[in-house]
Amino acid sequence: MGTMFEIAGRAAIFSRVPADDIEKLLQRSSLRSFDRGASIYLQGERAHSLYVVLEGWVKTYRITPCGNEAVIGIFTKCNSFGDEAALGDGNFISGAEAVSTALILQIDAHVLAQQLADDMVLCRSVLSGAMESNRCLVHHVEQLKSHTAGQRIADFLLSLCDGKAGSCTVILPYDKVLIAAWLGMKPESLSRAFRRLKDYGVTIQKDHAIIASVEHLAQYADEDPAESWSAKHERKAERCSSSH
């Protein structure tokens, strides 16, 4: 139980809350396990609970008017989702689904509201966590708007690396169709972009990505897309000239 509280306590929404206060809240929570593909809640459903991921991966998504699914969030260990539950009698603006087997802590909205009413530190922390989630979403939208497909994948792979230097091997945490949806591209575009990353020292082997140099990949991810396009065509011209 202590480990569970420790993991949940690292969620951004609880970052400023004393450990004793977090434990007081989490002791009134429920531990839930979900199989891959299981629905956690639906878009438009009453925001009855706040959730913290202890193990596994979860996606949040919206169904568009024409019936398509738009992935708007990916969450893993120590991440919270369903923050609407902290705001009162609202509804979930998205649905949530486990994309792997997942162990999740579920905090009832009424229990959370009671403690928020009595704990100003928790109020400020929850607000700070919500702002951090918004910053992450803005950063993700910025990447979708300003980065090439290859750069988006590079950013994604870098987010899975433990360090910021040297070589690194990461496990792709969920299927490539979902990775493509999260990065705003079609699965076939993802495959082509993965192949292009070979020029930057990335090798894909089934569900593993082997990164020769984290620094080199990070430099590529931060390039101006126009410079990246020019460099690609320069390399293509060099290959053509060397073949004649």
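Everything below is about the structure printed above this text.
The text that follows walks through the structure, step by step, so that each part is easy to find. (Residues numbered from 1 in each chain as written. Predicted model: local features only at pLDDT ≥ 70, side-chain atom pairs only at ≥ 80, totals over all residues. Heavy atoms only, no water.)

### Here we look at the overall build of the protein
When helices and strands are tallied, the protein shows nine helices and eleven strands. Dimensions of the protein, computed from C-alpha atoms along their principal axes, come out at roughly 75 × 45 × 30 Å. Taking all 244 residues of the protein together, the buried fraction comes to 42%. A total of about 13400 Å² of accessible surface is found on the protein, and carbon and sulfur atoms cover 53% of it. Each charge class in the protein was averaged separately, 26 positive and 30 negative side chains, and the resulting centres sit 7 Å apart. (Helix = DSSP H or I, 4+ residues; strand = E, 2+ residues; numbered from the N terminus. Buried < 20%, exposed > 50% of the residue type's maximum accessible area, 1.4 Å probe, protein only. Areas by Shrake-Rupley, 256 points an atom, 1.4 Å probe, with all protein chains shown as cover. Lys, Arg positive; Asp, Glu negative; His and termini not counted. Charge placed at Lys NZ, Arg CZ, Asp CG, Glu CD.)

### Details of the pattern of salt bridges
Working definition: two side chains of opposite charge can pair if their charged atoms are close together. For the structure shown, the criterion picks out five salt bridges. Between Arg-36 and Asp-175 there is a salt bridge, and its shortest N-O distance comes to 3.0 Å. One end of the pair, Arg-36, is in the loop between strand 1 (30-34) and strand 2 (39-41); the other, Asp-175, is in the loop between strand 9 (168-171) and helix 6 (176-182), with 139 residues separating them in the sequence. On the basis of relative accessibility, which here comes to 55%, the residue Arg-36 falls in the exposed class. Between Arg-135 and Glu-132 there is a salt bridge, and its shortest N-O distance comes to 2.9 Å. (Salt bridge = Lys/Arg side-chain N within 4 Å of Asp/Glu carboxyl O.)

### Things to note about the pairing of strand 7 (residues 95-98)
Here strand 2 runs beside strand 7; their pairing, made up of two bridges, is antiparallel. Looking at the pairing, Tyr-41 lines up with Ala-96 of strand 7. Inspection of the sheet shows strand 4 (residues 58-63) paired to strand 7 by four bridges, in the antiparallel sense. Its bridge partner being in strand 7, Tyr-61 is matched across the sheet by Gly-95. (Pairing = 2+ DSSP bridges.)

### Let's talk about the sheet that holds strand 5 (residues 69-75)
Across the sheet, which stays open at both edges, the four strands sit in the order 2-7-4-5 with antiparallel pairing between neighbours. Two strands bound the open sheet, and with one partner strand each, they are strand 2 and strand 5. This sheet shows a mean twist of 30 degrees between the axes of neighbouring strands, independent of strand direction. (Axes fitted to C-alpha atoms, helices over the stretch in contact; angles between N-to-C directions.)

### Focus on the packing of aromatic side chains
The tally for this structure, following the rule as stated, stands at eight aromatic pairs. Plain terms: the ring middles of Trp-57 and Tyr-174 are 5.2 Å apart, the flat faces sit at 70 degrees to each other, and that makes the pair edge-to-face. With Trp-57 in the loop between strand 3 (49-55) and strand 4 and Tyr-174 in the loop between strand 9 and helix 6, this residue pair connects regions lying 117 residues apart in the sequence. Look at Tyr-174 and you get buried, because its relative accessible area is 7%. Here a set of aromatic residues connected by ring pairs shows up, and it is made of Tyr-41, Tyr-51, Phe-75, Phe-81 and Phe-92. Over the ring of Tyr-61 we find Lys-59; its NZ or CZ atom is 5.5 Å from the centre of that ring. (Phe/Tyr/Trp six-rings, centres within 6.5 Å; stacked < 30°, edge-to-face > 60°. Lys NZ or Arg CZ within 6 Å of the ring centre and 35° of its normal.)

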